Amino acid sequence: MSALPYVYAAILDVLGYRERLAHDRKRGVLEFKDVLQNSLQCLQDINDAEFAHQTISDTVILTCADRLRVVDFLTVLRDVQVSFLVNGAFLRGGVTFQQHFRSGAITYSHAYAGAHELEASLAIYPRIVVDHNIVDMFESSGNSDMLRGCHLLCECNGVFFVNIVDEDNWQTLYEKAREMYRAESARIRQVEGVFAKHLWFQEYLMSSPHALPKSERYMPGIRVWAPEGN
Amino acid sequence: MAQIVAMYNNKGGVSKTTTLFNLAVFLSRGGKRVLVVDCDPQCNVTEMFFASTDLLDDPDRDLPGTSIYQALHPRFAGDTRSIDAASIQLVDSGIYPNLSILRGDLEFTMAENYFGNAWNQAITENINEKNTYVVFYRMLHTLAAVKQFDYVLCDVGPSTGAITRTVVLACDGFIVPLTPDRFCYQAVRVLGSVIRQWIERHDQITRTFTPFGIDSFPGRPLMLGAVIQNFKVHSGRVKESYVKWQNMIAEKIASDLLGPGGVDAGPHCDPKHPFVATIRDVGPLAPVAQMFGRAIFDIRQEDTKVASTTGQMYYGTVWQPWLEKMGEYQSEIEKIAKVLP
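Residues numbered from 1 in each chain as written. Chains lettered and ligands numbered in written order. Predicted model: local features only at pLDDT ≥ 70, side-chain atom pairs only at ≥ 80, totals over all residues. Heavy atoms only, no water.

The next point concerns the overall build of chain B. Broken down by element type, chain B carries 10 helices and 10 strands. Whereas a compact globule of 341 residues would reach a radius of gyration of roughly 20 Å, chain B reaches 20 Å, a difference of no more than 12%. For chain B, the C-alpha atoms occupy an extent of roughly 70 × 50 × 30 Å along the three principal directions. Looking at the 341 residues of chain B, the share that counts as buried comes to 54%. Excluding contacts between residues fewer than 6 apart, the proportion of contacts in chain B whose partners are at least 24 apart in sequence is 78%. When the accessible surface of chain B is totalled, it reaches about 14,400 Å², and 47% of it is carbon and sulfur. Of the charged side chains in chain B, 32 are positive and 36 negative, and the gap between their average positions amounts to 6 Å. (Helix = DSSP H or I, 4+ residues; strand = E, 2+ residues; numbered from the N terminus. Rg over C-alpha atoms; globule rule 2.2 N^0.38 Å. Buried < 20%, exposed > 50% of the residue type's maximum accessible area, 1.4 Å probe, protein only. Contact = heavy atoms within 4.5 Å. Areas by Shrake-Rupley, 256 points an atom, 1.4 Å probe, with all protein chains shown as cover. Lys, Arg positive; Asp, Glu negative; His and termini not counted. Charge placed at Lys NZ, Arg CZ, Asp CG, Glu CD.)

See below:
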């Protein structure tokens, strides 16, 4: 078996797509279409020679064929996730580095399959999970400083994901996430899975070294069930 | 650069360990720096190495130095990409200068699983398994470079398992010890295709390393020659039954082991005449040598006390045949040394 080219592939899914589509259909509006369009504006300026992208329904697919452009690729992913968030949508995704073949209408891709598997099984929350093998690859080739130095990765419980927060955008992201929660808190609190996603994102923001000290958690926390007044 | 060589046959009881130990002593006495690596979880060459000391008297006492399993364990645990040579304490021979060992370990049998997983998974994008796949090769070369060895001789068990595959593929070449019998004839029939399959699988795995920027290794060990041994001599002549098997085995080596679909021959290995040394049965010399941790060609006269029923050492006409056998044995070991890369 001859080896195919290897690429980085990211598969990003917009969370709550079906609900928001149903919402638009019921009301006869195109609000979510505008969210998608505005969010994807960030891909207008990327270099197509280096990063290929396509969007199908609620799925954004990005690839990068140059192994050493990992930092640039993570930057693109960060920008996409930030753009969706600013426009009021959470993303969840997976990134792998595997074999990939595309010619005309034919796509044969271990990278897509791997990225989809990560997205479906490990991402869970609004985050873009990066295959640990990508991290191991740079650790193994003595280039770990490249990945560590860019501050574009977070790690939690052995899972690596794209870090979208920095000093400049923390407040914006915090306010946007809070706004998203408050706008639909009644619905969100009825669906435990959706509530958990918002809660995770809040904790991610609050654990950031760039979190502003006076900012408060906007979601209800865990409390001990005890007699009232105590 | 050090030459890494294994003594290998998937058939057991063909004196792999004995021949390897004697070759190591011969090379070291010739001024070469030699490292013996005990890759067989049965640890026989480790026993042989430490037999010259009293360290084996207490089975509960740990042997000195780092074992092969301890050396590789950080990689098996996923903690490190490759093994730091400074973390490995080799043991120098007490009686043979220039000879050291990376000792064996009964627990090394666990490596069968680790290397087996790597063998299956290193072809995928799993970097951890890719690193495990190459760790043995990297470790040997790092050790050899840092400690400036001329030869690294690997003793492997009689199997086709993952440990054996890993060791043989990491070597520059291998020597096949054989006995002139039906069982070795059968073993030789499949050995070439077995090793060829390993090499082909290695090529497939290695192709997946390049895109990840990870170095692999050649994985193309040469067959340096075969050694036929343990045959009996009657009235100065090799018994005809042995000669027949020896000739049949030679034909099989040429047609199967070194033939199309087999492995490549080393520069001093003539496929039509693959036996680079012929070692006859050395009788009681082997157990006496093992008792004192010495090479067979280096048994001292005083050592023969353990061979005699009276407890007195051999001398005169009894000792003389021993000297002749030792000389003959050493000259055959020397022939093996000459075919090393």
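Once that is clear, we can look at the overall build of chain A. Scanning chain A for helices and strands turns up 9 helices and 8 strands. Against the compact-globule benchmark of 17 Å for 230 residues, chain A has a radius of gyration of 19 Å, which places it among compact chains. Taking the principal axes of the C-alpha coordinates as reference, chain A spans close to 70 × 45 × 30 Å. In chain A, once contacts between residues fewer than 6 apart in sequence are set aside, the share between residues at least 24 apart is 68%. Here chain A displays about 12,600 Å² of accessible surface, and carbon together with sulfur accounts for 50% of that area. Taking the average place of the 22 positive charges on the side chains of chain A and the average place of its 29 negative ones, the gap between the two points comes to 7 Å.

All names here are of chain B. Between its terminal C-alpha atoms helix H5 (residues 127–147) stretches 28 Å, which fits the 30 Å expected from 21 residues at 1.5 Å a residue. At Val135, H5 is deflected by roughly 45°, the largest bend along its length. With 16 of its 21 residues buried, H5 lies for the most part within the structure. For H5, the capping residue at the N-terminal end is Asn126, with a side-chain oxygen 3.1 Å from the backbone nitrogen of Asn128. Two residues or fewer after H5 comes Gln148, characterised by a positive phi angle close to 55°. (Expected span 1.5 Å × (residues − 1). Bend = angle between axes of the 7 residues up to and from the residue. Polar contact = N/O pair within 3.5 Å; in protein donor to acceptor, adjacent residues only side chain to side chain.)

Time to look at the pattern of salt bridges. Taken as a whole, this structure holds 16 salt bridges over all chains when the rule is applied. Two residues, Asp256 of chain B and Lys252 of chain B, come together in a salt bridge whose shortest N-O distance is 3.6 Å. A residue pair is termed a helical-turn pair when its members lie 3 or 4 positions apart in one helix, as Asp256 of chain B and Lys252 of chain B do in helix H8 (residues 240–257) at 4 residues. The exposure class of Asp256 of chain B is partly exposed, given its relative accessible area of 24%. The structure contains a network of salt bridges with shared partners spanning Glu50, Arg69 and Asp72 of chain A. (Salt bridge = Lys/Arg side-chain N within 4 Å of Asp/Glu carboxyl O.)

Residue and element names in this part refer to chain B. Structurally, the position occupied by Val45 is in helix H2 (residues 44–50). Accessibility expressed as a relative area gives 0% for Val45, which makes it buried. C-alpha of Val45 to C-alpha of Thr109: the two residues are 64 residues apart in sequence and 15 Å apart in space. Each residue touching Val45, except ones within four places of it in the same chain, is listed here: Thr17, Leu20, Phe21, Val36, Asp38, Ile101 and Asp155.

Residue and element names in this part refer to chain B. Summarising the element assignment, Glu129 is placed in helix H5. Here Glu129 sits buried without a salt bridge, and the closest side chain of opposite charge, Arg75, lies 6.3 Å off (N-O distance). If we ignore the near neighbours within four places in the chain, the residues touching Glu129 are Tyr114, Asn117, Ala118, Gln121 and Ala122.

Moving on, we get to the packing of helix H7 (residues 182–207) of chain B against H8 of chain B. Residue and element names in this part refer to chain B. With their axes 8 Å apart at the nearest point, H7 and H8 run at an angle of 5° to one another. The pairing of H7 with H8 is recorded here as roughly parallel in orientation. Between H7, through Arg182, Cys184, Tyr185, Val188, Arg189, Leu191 and Gly192, and H8, the contact on the second element is made entirely by Trp245, Met248, Ile249, Lys252, Ile253, Asp256 and Leu257. Counted by class, the contact of H7 with H8 contains 9 nonpolar, 1 polar and 4 charged residues. (Axes fitted to C-alpha atoms, helices over the stretch in contact; angles between N-to-C directions. Parallel < 35°, antiparallel > 145°, perpendicular 65-115°, else oblique. Nonpolar A, V, L, I, M, F, W, Y, C, P; charged D, E, K, R; others polar.)

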